[in-house]
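What follows is each chain in one-letter form.
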Amino acid sequence: MRMREKLLIFLSILLIPGAAQAARLERKDVPKPLQPWVEWALHGQEQKTCPFLQGNTNDRQCAWPSKISLTLGARSGRFTQHWRIFGKEAWVALPGDKKIFPQSVTVNGKPAPVILNANAPRLLLPKGNHTITGTFSWKELPQLIQVPSETGLLSLSVDGKTVQFPVRDEQGRLWVRKRQRQGSGKSEMSIIV
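So, here's what we can say about the structure. No experiment lies behind these values; they were computed from the predicted model shown. (Residues numbered from 1 in each chain as written. Predicted model: local features only at pLDDT ≥ 70, side-chain atom pairs only at ≥ 80, totals over all residues. Heavy atoms only, no water.)

**Considerations on the overall build of the chain**
Item 1. Tallying secondary structure elements over the chain gives two helices and 15 strands in all.
Item 2. For the chain, the proportion of its 193 residues judged to be buried stands at 29%.
Item 3. For the chain, the exposed surface amounts to about 13500 Å²; the carbon and sulfur share of it is 55%. (Helix = DSSP H or I, 4+ residues; strand = E, 2+ residues; numbered from the N terminus. Buried < 20%, exposed > 50% of the residue type's maximum accessible area, 1.4 Å probe, protein only. Areas by Shrake-Rupley, 256 points an atom, 1.4 Å probe, with all protein chains shown as cover.)

Laid out in C-alpha cells, this is it:
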C-alpha cells in the first residue's frame, strides 16, 4: 500500500466517527410513534431536563421562583409568588418560619399542604407553572420575616405603603420594621417610610 492510501484510510477512520455523532434531540422533534415512551425513557433522569446555570451542566436548577410580593399589615399579611418546576417535582420554600407560619396556602387556587422542614415552611410542587398564595396572622407586625434564599426579587408593602428598597440581611431575613442596634436602642436602619 502506498503512503497516500494509508493516509486516506487513517483520515477516514478519524473523520467518520465525528460525522456519526448525533445532535441532541429536542422533545418536540421525537417521532410521533415514540412520543408515548419519552416519559418512560426519562424515568429517574428528570433532572437532566432542567435548565443549568452559567453553562455548567452539573448545576441544574429544577425549581425557578419569580418575584415574591408581600403585603403586610398590623394584624395580618399575605404573599404571592410564581414558580416554574422543571423535571418531575420539587420542594419549594415559602416565606416564614415555625413562628410565622403561612396559612391558607393555595397553589393555582387550590388548597395545598405545607410542612415544616429545616425550620422553613415547604411545599411539594409537580412539574409546571404554579401561583402560590398564602396569608399570615399575628398579634403585632413582626420586625422581620424569613424569605427563602432562592428568591432574589421581592416587592414589599407595609401598612399600605410601598417599601422602595426592602432590606434583607445575610440570613435571608427581610426587615419589616426598624432594626435596633444590639444593646443601644438606636435605629440602625429605617425600613418603613
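Picking up after the structure, the text goes on.
**Brief notes about the pairing of strand 10 (residues 154-158)**
Item 1. The buried fraction of strand 10 is high, at four of five residues.
Item 2. Relative to strand 10, strand 3 (residues 63-72) runs parallel, the two being bridged by five bridges. Bridge assignment links Leu72 to a residue of strand 10, and that residue is Val158.
Item 3. Between strand 10 and strand 11 (residues 161-163), which pair antiparallel one after the other, the connecting turn spans two residues, and Asp159 there sits at a positive phi close to 50°. (Pairing = 2+ DSSP bridges.)

**Considering the packing of aromatic side chains**
Item 1. Taken as a whole and judged by the stated rule, the model has two aromatic pairs.
Item 2. Between the aromatic rings of Phe79 and Phe136, the centroid separation amounts to 5.5 Å while the plane-to-plane angle is 40°, which identifies the pairing as tilted. Of this pair, Phe79 sits in strand 4 (residues 76-93) while Phe136 sits in strand 8 (residues 120-137), placing them 57 residues apart in sequence. Of the two residues, Phe79 and Phe136, both sit in the buried class. (Phe/Tyr/Trp six-rings, centres within 6.5 Å; stacked < 30°, edge-to-face > 60°.)

**Overview of the sheet that holds strand 13 (residues 173-175)**
Item 1. Ordered by their spatial adjacency, three strands build an open sheet running 9-13-12, and the pairing between neighbours is antiparallel. The outermost strands of the open sheet, each flanked by one partner alone, are strand 9 (144-146) and strand 12 (167-168).
Item 2. Both strand 9 and strand 13 contribute to a ladder of three bridges, which runs antiparallel. Within strand 13, the residue paired with Ile145 across the bridge is Leu174.

**What to know about the pattern of salt bridges**
Item 1. If you walk through the whole model with that rule in mind, you get one salt bridge.
Item 2. Of the charged contacts in the structure, one is a salt bridge between Arg173 and Asp169, with a shortest N-O distance of 2.7 Å.
Item 3. With relative accessibility at 27%, the residue Arg173 sits in the partly exposed group.
Item 4. Residue classification places Asp169 among the buried residues on the basis of a relative accessible area of 10%. (Salt bridge = Lys/Arg side-chain N within 4 Å of Asp/Glu carboxyl O.)

**Re the pairing of strand 5 (residues 103-107)**
Item 1. Where strand 5 lies against strand 8, three bridges are found, and the strand directions are antiparallel. The partner of Thr106 across the bridge, within strand 8, is Thr133.
Item 2. Bridging between strand 5 and strand 6 (residues 110-111) involves two bridges; their strand directions are antiparallel. By the bridge assignment, Val107 is partnered in strand 6 with Lys110.
Item 3. Linkage of strand 5 to strand 6, two consecutive antiparallel strands, is achieved through a turn of two residues, within which Asn108 is found at a positive phi near 50°.

**Structural notes on the nonpolar core**
A general tendency of soluble globular proteins is for nonpolar side chains to be buried together.
Item 1. Ranked by internal contacts, the top residues of the largest apolar core, which has 27 residues, are Leu70, Leu72, Phe79, Leu123, Leu125, Ile132 and Leu156.
Item 2. Mapped onto this core, the elements with two or more residues apiece are strand 3, strand 4, strand 5, strand 8 and strand 10.
Item 3. In terms of residues, this core owes the most to one element, strand 4, which gives five residues.
Item 4. When residues no more than four places from it in sequence are discounted, the contact partners of Leu125 are Trp83, Ile85, Glu89, Ala90, Val92, Val107, His130 and Ile132. (Core = buried A, V, L, I, M, F, W, Y, C linked by side-chain atoms within 4.5 Å. Contact = heavy atoms within 4.5 Å.)

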